[in-house]
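Chain residues, written in single-letter form:
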Amino acid sequence: MAFQSVDCDAAKRKVDAGLARLAACEAADLAAVAAEIFAPDCRFHIAHPFNDLDGLDAGIASFFAPLKHAFHHCSRTHAIVVAGEFAGAVMVAVMGHYRGTFTQDLAGIPANHKPVWLRFGEIHRIEGGRIAESWMLPDMLDLIRQAGIWPLAPSLGAEGMWPAPGGNARALSPCDAEAGRASFDLVLAMHAALGTFDGHTLDSMDLAPYWTPDFAWYGPAGIGTSLGLDGFRTVHQIPFLTAFPDRRGGQHVGRIGDGAFVVTGGWPSVTATHTGDGWLGMPATGRPVGMRVMDFYRCENGLIAENWVPLDITHLLLQMGYDVFGRIAHLRGNPRTSL
């Protein structure tokens, strides 16, 4: 079935308004507001430690209610909202931030009683006018950073809030599938260039034709932000390829091209073996890992100008043998007491 742009536009507007309303509503209204936007049997795939949840009641009890309890004056802003068809369904992707005063602990992260911005990337599958399945990557490691705890080596890139898109792109513009196809073809060509890595030299991947000279790469907490191809290589690409030389991507749960924006993501989207030292300051473990990751791209004049990368770092570290949340619990007086 081919979806008309009006279907995607309606889905985009409903998801945008509904999720913003859900974040800001009173706690007593949470279930009713959530039922307007999510199907009762919605399946949630949320960053660690929330993980996979079946049904709206589980999503509310395990994620939305604790988040609202933790964030006083909770609200949500959307920097990117795009929609399109993938695998026979309308998909809506959103990038933005939850905002609030962090007054109650969340998932064991200690409240700092200051305003915080919890950034996220999300992909939602629409069915019957409501969200039937959601993949959600709140950057829990960045919330840990804002709480004043840092359980890793210093990030190689800059840490801080992710900016809204530059250029003339709008967060909630009408769907543009035609321009989206051109943007999507550009991103796929860049992905193909990434796939030519010979395991030895960066020159085996010719990425320069696909990015603006000063492109911004906004990485997750633990990696950080870089500018330009030289920054991207030193902050992310070299450490990543050293640690995961056999990485394989493309297992996507959603791929969207909408105007200047392209979104891809999977659960996991990348699989690899952790065979090299140094990434996030970690020694090689030899373990196989799967990476829950999304990419939000903004294209400009036939080149990629910006790339936001939500990645479930705490889940990836758990697969490498490092339990970030367990370490925080230990530091707060609740250590593991048995094997």
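You'll find the structure just up there.
Presented here is a report on the structure given in the accompanying data block.

**Observations regarding the overall build of the chain**
Item 1. Looking only at helices and strands, one finds eight helices and 13 strands in the chain.
Item 2. Taking 339 residues into account, the globule formula puts the C-alpha radius of gyration at 20 Å, and the chain, at 19 Å, falls close to it.
Item 3. Put simply, the chain has 339 residues, and 53% of those count as buried.
Item 4. Sequence-distant contacts, at least 24 apart, represent 64% of the contacts inside the chain between residues at least 6 apart.
Item 5. Accessible surface computed for the chain: about 14,200 Å², of which carbon and sulfur atoms make up 54%.
Item 6. With 25 positive and 34 negative side-chain charges, the chain shows a separation of 5 Å between the mean positions of the two kinds.

**Notes on the layout of surface pockets**
Item 1. By volume, the largest pocket amounts to about 640 Å³.
Item 2. Lining the largest pocket are 28 residues; nearest its centre among them are His191, Leu194, Phe240, Val270 and Asp295.
Item 3. The greatest single-element share of the lining of the largest pocket, amounting to five residues, is contributed by helix 6 (residues 228-243).
Item 4. Taken together, the residues of the lining of the largest pocket sort by class into 15 nonpolar, 10 polar and three charged.

**Let's talk about the nonpolar core**
Item 1. In terms of nonpolar packing, the biggest core is built from 89 residues, with Phe38, Phe71, Tyr98, Phe102 and Trp279 touching the most fellow members.
Item 2. When neighbours within four sequence positions are excluded, tryptophan 279 is seen to be in contact with Ile223, Pro239, Phe240, Ala243, Phe244, Ile313, Leu316 and Met320.
Item 3. With 21 residues, the next largest nonpolar core counts Ala89, Met91, Phe261 and Met294 among its residues.

**Points about the sheet that holds strand 6 (residues 130-138)**
Item 1. Ordered by their spatial adjacency, six strands build an open sheet running 2-1-6-5-4-3, and the pairing between neighbours is mixed. Each having just a single partner strand, strand 2 (51-54) and strand 3 (71-86) make up the two edges of the open sheet. Looking at each pair of strands side by side, their axes are set apart by 20° on average, direction ignored.
Item 2. Here strand 5 (residues 115-127) pairs with strand 6 via eight bridges, running antiparallel.

**Digging into the pattern of salt bridges**
Item 1. Applying the stated criterion across every chain, the model contains 16 salt bridges.
Item 2. The shortest N-O distance in the salt bridge between glutamate 133 and arginine 43 comes to 3.8 Å. One end of the pair, glutamate 133, is in strand 6; the other, arginine 43, is in strand 1 (residues 38-46), and 90 residues separate them in sequence.
Item 3. You can call glutamate 133 buried: its relative accessible area is 11%.
Item 4. The partner of aspartate 142 in a salt bridge is arginine 119, with the nearest N and O atoms 3.7 Å apart. Placement of aspartate 142 in helix 4 (residues 140-146) and of arginine 119 in strand 5 is noted, with a sequence separation of 23 residues between them. The exposure classification of aspartate 142 matches that of arginine 119, with both residues buried.
Item 5. Salt bridges here are not isolated pairs; linked through shared partners, they connect Arg43, Asp54, Arg125, Glu127 and Glu133.

The rules behind each value
Residues numbered from 1 in each chain as written. Predicted model: local features only at pLDDT ≥ 70, side-chain atom pairs only at ≥ 80, totals over all residues. Heavy atoms only, no water. Helix = DSSP H or I, 4+ residues; strand = E, 2+ residues; numbered from the N terminus. Rg over C-alpha atoms; globule rule 2.2 N^0.38 Å. Buried < 20%, exposed > 50% of the residue type's maximum accessible area, 1.4 Å probe, protein only. Contact = heavy atoms within 4.5 Å. Areas by Shrake-Rupley, 256 points an atom, 1.4 Å probe, with all protein chains shown as cover. Lys, Arg positive; Asp, Glu negative; His and termini not counted. Charge placed at Lys NZ, Arg CZ, Asp CG, Glu CD. 1 Å grid on protein atoms, 1.4 Å probe; cavity = no way out; pocket = protein on both sides within 12 Å on 5 of 7 lines; lining within 4 Å. Points joined across faces, edges and corners; volume = space filled by probe spheres on them. Nonpolar A, V, L, I, M, F, W, Y, C, P; charged D, E, K, R; others polar. Core = buried A, V, L, I, M, F, W, Y, C linked by side-chain atoms within 4.5 Å. Pairing = 2+ DSSP bridges. Axes fitted to C-alpha atoms, helices over the stretch in contact; angles between N-to-C directions. Salt bridge = Lys/Arg side-chain N within 4 Å of Asp/Glu carboxyl O.

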